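# Inside the fold
The lines below spell out each chain.
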Amino acid sequence: MTAVALIVGHNARAQGAVRVTDGRSEYDWCGDLAAAIRDHAPGMYTVIRRQSHPSGYASEIRNAYQHADALGVSATVELHFNGGPATATGTETLTSGTKGSLRLAGLIQPAMVGALGLRDRGIVTRGRADRGGASLWSGRAPAVLIEPYFGSREADCQAADRHYAALTGAIHRACLAFINGA
Ligand SMILES: [Zn+2]
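## Considerations on the nonpolar core
Burial of nonpolar side chains together is a common tendency in soluble globular proteins. In terms of nonpolar packing, the biggest core is built from 35 residues, with V4 and V77 touching the most fellow members. Those elements giving two or more residues to this core turn out to be β1 (4-8), α1 (26-38), β3 (75-79), α3 (99-116), β6 (143-147), α5 (154-162) and α6 (164-179). The residues contacting V4, other than those within four sequence positions of it, are M44, Y45, T46, V73, A75, V77, C175 and I179. In this structure, Y65, A68, V73 and A141 belong to the second largest nonpolar core, which totals ten residues.

As structure tokens, this is what we get:
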């Protein structure tokens, strides 16, 4: 049984932010990231891609998280990278603030900071109506949304590339610790 759903941020039509170094979108780059995390323990993960929905964003998110719930997962991790001014840098994890989501965020945020060595922007709590909030609140399983680095900053992209294997391993070990009750 799938323990963790890895949900790729954005969708094929609206692919999110792009990396300044190579123009790769969140949808593209995070799809590879999801596959690389899954490769650490293929039976543990299902990768879910969001599909743009004619009824709009809320339906797109709801469908992805209903899929995760139907698999009976213990947690969901939605994969993104950040965008902003060229000076913005660092790693952050969004949480709904529920007990399970906070426990997962508390494992995954320091793991990513350790892997990338970028500034620790911390764990950020988002309500349902906040940006990214629908992803945190739509499913039954504890959910986090990760922003390991800023695609808008060259040095952040380079850190993500240089430490890619460490990043995927860190995220995997955090998920494993979560499902093992750490
Ligand atoms: Zn995004």
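## Some remarks on the coordination of the zinc ion
Surrounding the zinc ion are the protein donor atoms H10 (NE2), E26 (OE), E26 (OE) and H80 (ND1), at 2.1 to 2.7 Å. Geometry at the zinc ion is irregular, judged from its four donor atoms and the angles of 52 to 145 degrees they form at the metal. For the zinc ion, the single-chain donor residues occur in sequence as H-x15-E-x53-H. Of the two residues, E26 sits in helix α1 while H80 sits in the loop between β3 and β4 (91-95), which places them 54 residues apart along the sequence. Take E26: its relative accessible area is 4%, and that puts it in the buried class. Its relative accessible area of 7% is what places H80 among the buried residues.

## Here we look at the side chain of S135
Inspection of the secondary structure assignment puts S135 in helix α4 (residues 133-137). The exposure class of S135 is buried, given its relative accessible area of 2%. For S135, the side chain forms a polar contact with the side chain of E78, separated by 2.9 Å. In contact with S135, other than residues within four places in its own chain, are R50, Y57, I61, Y65, E78, A143 and L145.

## Notes on the environment of R49
Here R49 lies in strand β2 (residues 45-49). Taking C-alpha positions, R49 is 8.0 Å from G31, a pair spaced 18 residues apart along the chain. Beyond its immediate sequence surroundings of up to four residues, R49 is in contact with V8, Y27 and G31.

## Quick look at helix α2 (residues 57-71)
Taking 1.5 Å of rise per residue, 15 residues should cover 21 Å, and α2 covers 22 Å from first to last C-alpha, within 8% of that figure. Of all the residues in α2, the buried ones are S59, E60, I61, A64, Y65, A68 and D69. Looking at the packing, one finds that the buried side of α2 touches β1, β2, β3 and α4. With its phi angle positive at about 75 degrees, G72 sits one or two positions after the end of α2.

## Section: the packing of aromatic side chains
A full pass over the atoms with the stated rule returns four aromatic pairs. A centroid spacing of 6.1 Å and a plane angle of 80 degrees characterise the contact between W29 and F81, whose relative ring orientation is edge-to-face. Here W29 is found in helix α1, whereas its partner F81 is found in the loop between β3 and β4, with 52 residues between them in sequence. In terms of burial, W29 and F81 fall into one category: buried. Each ring, one from W29 and one from Y149, has its centre 5.2 Å from the other, and the planes form 75 degrees; the classification is edge-to-face. Here W29, found in helix α1, pairs with Y149, found in the loop between β6 and α5; they are 120 residues apart in sequence, far enough to count as distant. You'll find W29 and Y149 in the same group, each marked buried. The side chain of R49 reaches across the aromatic face of Y27, ending 4.5 Å from its centre.

Rules and cut-offs
Residues numbered from 1 in each chain as written. Predicted model: local features only at pLDDT ≥ 70, side-chain atom pairs only at ≥ 80, totals over all residues. Heavy atoms only, no water. Core = buried A, V, L, I, M, F, W, Y, C linked by side-chain atoms within 4.5 Å. Buried < 20%, exposed > 50% of the residue type's maximum accessible area, 1.4 Å probe, protein only. Helix = DSSP H or I, 4+ residues; strand = E, 2+ residues; numbered from the N terminus. Contact = heavy atoms within 4.5 Å. Donors = N, O, S within 2.8 Å, 3.2 Å for Na, K, Ca; no water. Tetrahedral: all angles 85-135°; square planar, octahedral: opposite > 155°, others 65-115°. Polar contact = N/O pair within 3.5 Å; in protein donor to acceptor, adjacent residues only side chain to side chain. Expected span 1.5 Å × (residues − 1). Phe/Tyr/Trp six-rings, centres within 6.5 Å; stacked < 30°, edge-to-face > 60°. Lys NZ or Arg CZ within 6 Å of the ring centre and 35° of its normal.

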